[in-house]
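Listed below are the residues making up each chain.
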Amino acid sequence: MRHLTLDPHFGAGLDPCAALHVQVVLEPGASHRVVFLLGEGADAAHVAQLVARHHTVDDAVAALDKVQASWNRTLETLQVRTPDDSFDVMINRWLVYQDVSCRLWTRAGYYQPGGAFGFRDQLQDVMALVLARPDLARAHLLRAAGRQFVEGDVQHWWHEPSGRGLRSRCSDDLLWLPFVAAEYVRTTGDVAVLDARAPFLEAPALAPDAHEAYGQPRVSSEDATLFEHCVRALDKGITAGAHGLPLIGSGDWNDGMNRVGPAGRGESTWLGFFLYTVLTDFVPLCRGRNDEGRADRYVDEARRLAGRLERSWDGEWYRRGYYDDGTPLGSAQNDECSIDSISQSWAVLSNAVPIRFAERAMDAVRTSLVVRGSQMLLLLNPPFDRSAQDPGYIKGYPPGVRENGGQYTHAAVWIVMALARLGSGDEATEFFHMLNPVNHSRTSGEVFRYKTEPYVMAGDVYARSPHAGRGGWSWYTGSAGWMYRAGIEWILGFRVRGGTLHLDPCIPRAWSGFELRFRYHSARYEITVENPRGVTRGVSRVELDAAPLAGDAAIALADDGAMHRVRVVLG
């Protein structure tokens, strides 16, 4: 191995690089292995240690084998085999790999080399890891709890190890902590995590006229259980404007709508659906801790909120919200952004409103936001361009790009999930197929148009000519984790609830069935799902190790080192 250290020149406009040149002469039939070691050290002594550790080919091969074995343990926790090859490729390897390697560990990509933790970002990401790497999910729950201020709000993002970051008036960030905590406990049964402790942060409150402030907060001497962090976030997040909906603050999930409520009166319908979900998810956790008063208060607030959400009906879909002056957003009254997808998908996912209206809202999505010609699901339509509306920096994007009326894949996956909840297996799988990057790169023409990698999710896809169908930011996108959950939980219907397994698929009629292999601690489960009648949903029979199961067909999972076979028949 040759060791070369270069000190390249750095500066604006320069592209520093280092090069190694090794001459290898191969005789006929011979082979030669060469190791190029690329790394980083704190100083010259550290570099020498790293070189010594990996200085032979055998050392390098051993290190590579160790890395591959580690990834296999994670990625092979759950494997699927379906009639759709592109579905299997993404579900079995790439989505979880993208979720962990890029989103959780690197926190950067070719289009966003920031390296920060986003409060809502990585919390959503670890939901896809609760089965394969519950340790990572648990650790991040507590990491995120430690970025909450004593007042209940949180850092919008922060850099480690310093902890410097942004305090803002973003309205949804803090609610993702109780949302993800509830999902983690529901899946793992690890109720003890709610008693794990994490500190708070202290910093000067935002000035009345300030929407955000970047700085270095202090770690408070006050700490609390994860449960207390969650309820402090929930209590802080329960707000209401003139229409009874939560205040949007300096933006909700869509950061680009940062001028909908700069005066503190703008409201978000989507946030209402999300808050309703968090409240109802957290009620069982409160009752489990005998906190009946809080549980009853959350039930009452959810009931009040549901009534207000029903009044957000615009005639054919749900409005996106209201500006400070009460003008609707995402309404047929608007010349631009007359419909926004996330209010419709979460109307279904939240169960907050009557199903007949939620179904009509999804009909509006089908009519206005599905572009089958270029295989896209739009975030909103029409894009912001020339209207008098000033929703925020979203309007700075060209029409049809990113959040401004392009496909924002994160939200597009929620459409897939909503359709599966409604039992539309054919459409849910069709739209999953549309979002799958493999299917944007099957021909040379598609490769030329899409331009980004065919094996990782792109955060957005452009919707307007001349770039219609072109992938935007790839790798660093929260859509990877949500896409995995959409495939596993919503289409294949695979859900673990503590020590039990529930199977409720929602698949295309054309699928004759599918198979899953699941590693549960020391045990293995081989699962076969049969669809002899060509239905999309409905389980008629479940067998565990050839014995039929009665009741709701929940399968008790055993950590017994054995191989178990599950047979599920749809009908």
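Look up: the structure comes first, before these words.
Everything numeric here is computed off the predicted structure, so don't read it as measured data.

> Whenever I open this one, the overall build of the protein chain confuses me. Can you help?
The number of helices and strands found in the protein chain is 15 helices and 24 strands. Taken against the 2.2 N^0.38 rule, which gives 25 Å for 571 residues, the C-alpha radius of gyration of the protein chain at 25 Å falls within 12% of a compact globule. Its C-alpha atoms give the protein chain principal-axis dimensions of about 80 × 65 × 55 Å. Restricting the contact set of the protein chain to residue pairs at least 6 apart, pairs at least 24 apart contribute 66%.

> What's the story with the sheet that holds strand E2 (residues 117-118) in this structure? I'm lost.
Strand pairing in a sheet relies on backbone hydrogen bonds. The paired strands run either parallel or antiparallel. Strand order in the open sheet formed by four strands is E2-E3-E4-E6, and the pairing between neighbours is antiparallel. Two strands lie at the open edges of the sheet, namely E2 and strand E6 (212-215), each paired on one side alone. Taken together, the three bridges between strand E3 (residues 155-158) and strand E4 (residues 165-168) define a ladder with antiparallel strand orientation. What sits directly across from Trp 157, in E4, is Leu 166.

> Explain the environment of Glu 515 here, please?
Looking at the element boundaries, Glu 515 is found in strand E19 (residues 513-520). Under the relative-accessibility criterion, Glu 515 is labelled partly exposed at 38%. A C-alpha to C-alpha distance of 18 Å links Glu 515 and Pro 548, two positions 33 residues apart in sequence. Discounting chain neighbours no more than four positions away, the residues touching Glu 515 are Gln 79, Val 80, Arg 81, Ile 527 and Thr 528.

> What should I look at first to understand the side chain of Arg 485 in this one?
Counting through the fold element by element, Arg 485 comes out in helix H15 (residues 479-491). Among the polar contacts listed, one links the side chain of Arg 485 to the side chain of Glu 183, at a separation of 3.3 Å. Once you skip the residues sitting within four places of it in the chain, Arg 485 turns out to touch Met 127, Ala 128, Glu 183 and Trp 490.

> Would you take a moment to explain the packing of aromatic side chains for this structure?
Remark: the centre distance and the inter-plane angle together describe each pair of aromatic rings, the angle taken between the planes. Evaluation of the coordinates by the stated rule reveals 31 aromatic pairs. Seen from their ring centres, Phe 518 and Tyr 520 are 6.1 Å apart, and the 45° between their planes marks the pair as tilted. Tyr 520 matches Phe 518 in its accessibility class, with the two residues each being buried. Through pairs of rings, three or more aromatic residues link up here, namely Trp 176, Phe 179, Trp 253, Trp 270, Phe 274, Trp 346, Tyr 408, Trp 414 and Trp 482. When the ring centre of Phe 149 is taken as origin, the NZ or CZ atom of Arg 167, which lies over that ring, is 3.8 Å away. The residue whose ring lies beneath Arg 495 is Trp 490, and the NZ or CZ to ring-centre distance is 4.6 Å.

> I tried to follow the sheet that holds strand E24 (residues 563-570) on my own but got confused; where do I start?
As summarised here, the arrangement of the six strands in space is E1-E19-E20-E24-E21-E22, forming an open sheet in which the pairing is mixed. This sheet does not close on itself; its edge strands, each paired only once, are strand E1 (78-81) and strand E22 (547-548). Alignment of strand E21 (residues 539-544) against E22, held across two bridges, turns out to be antiparallel. What sits directly across from Glu 543, in E22, is Pro 548.

About the criteria used
- Residues numbered from 1 in each chain as written.
- Predicted model: local features only at pLDDT ≥ 70, side-chain atom pairs only at ≥ 80, totals over all residues.
- Heavy atoms only, no water.
- Helix = DSSP H or I, 4+ residues; strand = E, 2+ residues; numbered from the N terminus.
- Rg over C-alpha atoms; globule rule 2.2 N^0.38 Å.
- Contact = heavy atoms within 4.5 Å.
- Pairing = 2+ DSSP bridges.
- Buried < 20%, exposed > 50% of the residue type's maximum accessible area, 1.4 Å probe, protein only.
- Polar contact = N/O pair within 3.5 Å; in protein donor to acceptor, adjacent residues only side chain to side chain.
- Phe/Tyr/Trp six-rings, centres within 6.5 Å; stacked < 30°, edge-to-face > 60°.
- Lys NZ or Arg CZ within 6 Å of the ring centre and 35° of its normal.

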